[in-house]
Amino acid sequence: MPPKSTGKEKAVDAEEVLQAVVIAESFNQRFAPLTANKPRVHAMKLPTSTHSFGDALRFVDSQSIITNDFVLVSGDMVCNVKIDEMVKAHKARRKVDHEVIMTVLVKEAAVDHLVMKEVLNGGDERPKGETAVFTLDAESKQLLHYEGVPATPKLSNATVSRALLKDTELDIRYDLIDCGIDVCSVDVPIIFSDNFHENDLRRDFVTDVLTSEILGKKIYCHFAEDGYAARVRDPRTYAAVSRDILGRWCFPLVPDDNHPGGHQYEHLPGNTYLAKDKVILSRNCKIGNNTLIGPGSRLNDTARVEGSVLGENCIIDGGSMIRSSYLWNNVRVGAGCIIKESILGAGVVLEMGVVVERGCLIGEGVVIKAYSKISEFSRIARQSAGNGTETLKFSILTSLKLDQGLGDSDTFYLLDEPSQGADSDSDDDEDPFESAANLRYLRL
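Here's a quick rundown of the structure. Please read all numbers here as calculations on a predicted model, not as lab measurements. (Residues numbered from 1 in each chain as written. Predicted model: local features only at pLDDT ≥ 70, side-chain atom pairs only at ≥ 80, totals over all residues. Heavy atoms only, no water.)

## Description of the overall build of the protein chain
Next up, step 1: Check the secondary structure of the protein chain and you find nine helices and 32 strands.
Next up, step 2: The proportion of buried residues among the 444 residues of the protein chain is 45%.
Next up, step 3: Contacts spanning at least 24 positions in sequence make up 49% of the contacts within the protein chain whose residues lie at least 6 apart.
Next up, step 4: For the protein chain, the accessible area works out to roughly 22,500 Å², and carbon and sulfur atoms hold 49% of it. (Helix = DSSP H or I, 4+ residues; strand = E, 2+ residues; numbered from the N terminus. Buried < 20%, exposed > 50% of the residue type's maximum accessible area, 1.4 Å probe, protein only. Contact = heavy atoms within 4.5 Å. Areas by Shrake-Rupley, 256 points an atom, 1.4 Å probe, with all protein chains shown as cover.)

Here you go:
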């Protein structure tokens, strides 16, 4: 007969329960119009008054659901790193010093890590849109200074306080991938509630904590030794992470095992993946390396797909070529079409002979007329019934005429990209990471 459990053992078990908060919204328009009617990550709906990461944490605090240390995760994160050691290290620090409120998971970027290749341009280490400089205590790995680095205006020097240079050996790093996973104390949502100006977790909250003499709180970094970790922050990293998954960097998170949709895939040489359910391939079609063909999809005669992902029930007619692109479910591509480095939302229809140049985002349900050419980096949206321009949250929308290549059964909209100099007259309060100039580095 096993011994009876004691109240002390129950208390220990209760103390070891670890809560998690997943913030599934990105609070930006980098994927518009693909996210006009469908969020990037499915989750419990936040109040309509939630417009930032800070608002989300303040809402969590108002619900009084956080009772102990918790894991804070970004919903756009792809990761196979084990965090048990990170949690243990955080709890150990908290026992010694209750001013420790957060441990940030970071990882040194491998030289051939595709996400980091998007960060470094040709080896000269110029930032590509959204990176950061971490200044750490070399021995304890306490985070002493954090500085976000947009692509523009270009940052040539990192700023470090003179006070940090006294009696401390510093480790200044620009090669770290922020995994989007933090272990936090209950103080974190409380501090957000007390400071309504804090909206971004890193650039506002972390910066304020590290520079505040009043708070006196501490943040540490934990280095992941093994595994893969990256966030899908924008179309550029969406493509990079997708290629990493196809290249099996994220194993065991690969299409032929642990597929989130529950579908079964066959892994073929060249990192080609074919769904085992009702895929129809013409004898003369060609499938290149690093390609995934979803269930129910069909490639007709002489259709060619390379370095791309096709969702469920996509139909590619003869003579069409799809290169380094991502087609969501139920996309129909007519004969002789060319698609280059673009993302097509669910239900998009391209009639025959359409050319989609690189960097385009075409929203759900858009129909492109035959022999149209869509200019590079275009964003095209379909205004469904009941969805106005405020729902799409585009800065400028202009109705497209039929001779510009769109179907005549609905109204379609094109996002006007600001000109190169448009951001020069912007307000000083504009977030440099969401400026028109910086967002150009985050496109496909």
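## Observations regarding the sheet that holds strand β16 (residues 298-299)
Next up, step 1: The sheet built from six strands is open, its strands ordered β13-β16-β19-β22-β25-β28 with parallel pairing. Either end of the sheet is taken by a strand with one partner, and the two such strands are β13 (280-281) and β28 (367-368).
Next up, step 2: In the sheet, strand β19 (residues 315-316) pairs with strand β22 (residues 332-333) via two bridges, with the strands oriented parallel. Considered in β22, the bridge of Ile316 is made with Val333. (Pairing = 2+ DSSP bridges.)

## Quick word on the pattern of salt bridges
Next up, step 1: Evaluated as defined, the whole model comprises 20 salt bridges.
Next up, step 2: Here Asp187 makes a salt bridge to Arg94, at a shortest N to O gap of 3.8 Å. Taken together, the residues span a long stretch of sequence, with Asp187 in helix α5 (residues 187-194) and Arg94 in helix α3 (residues 84-96) at a distance of 93 residues.
Next up, step 3: By relative accessible area, Asp187 is classed as partly exposed at 21%.
Next up, step 4: By relative accessible area, Arg94 is classed as buried at 14%.
Next up, step 5: In this structure, the salt-bridge partner of Arg248 is Asp256, at a minimum N-O distance of 2.9 Å.
Next up, step 6: The exposure class assigned to Arg248 is partly exposed, which follows from its relative accessible area of 23%.
Next up, step 7: When salt bridges with common partners are traced through the structure, they connect Glu108, Lys141, Asp171, Arg173 and Asp175 into a single cluster. (Salt bridge = Lys/Arg side-chain N within 4 Å of Asp/Glu carboxyl O.)

## Some details on the environment of Asp317
Next up, step 1: As for its placement among the helices and strands, Asp317 is situated in the loop between β19 and β20 (321-323).
Next up, step 2: Under the relative-accessibility criterion, Asp317 is labelled buried at 14%.
Next up, step 3: Separated by 14 residues in sequence, Asp317 and Ala303 have C-alpha atoms that sit 6.2 Å apart.
Next up, step 4: With sequence-adjacent residues up to four places away left out, Asp317 is seen in contact with Asn300, Ala303, Arg332, Val333, Gly334 and Ala335.
Next up, step 5: Within the structure, the side chain of Asp317 is placed 2.7 Å from the side chain of Asn300, a separation counted as a polar contact. (Polar contact = N/O pair within 3.5 Å; in protein donor to acceptor, adjacent residues only side chain to side chain.)

## A word on α5
For the α-helix, the turn length of 3.6 residues means that residues three or four positions removed from each other point alike.
Next up, step 1: The set of residues buried in α5 consists of Val188, Pro189, Ile191, Phe192 and Ser193.
Next up, step 2: Buried residues in α5 make contact with α2 (53-62), β2 (70-74), β4 (100-108), β8 (176-184) and α6 (201-211).

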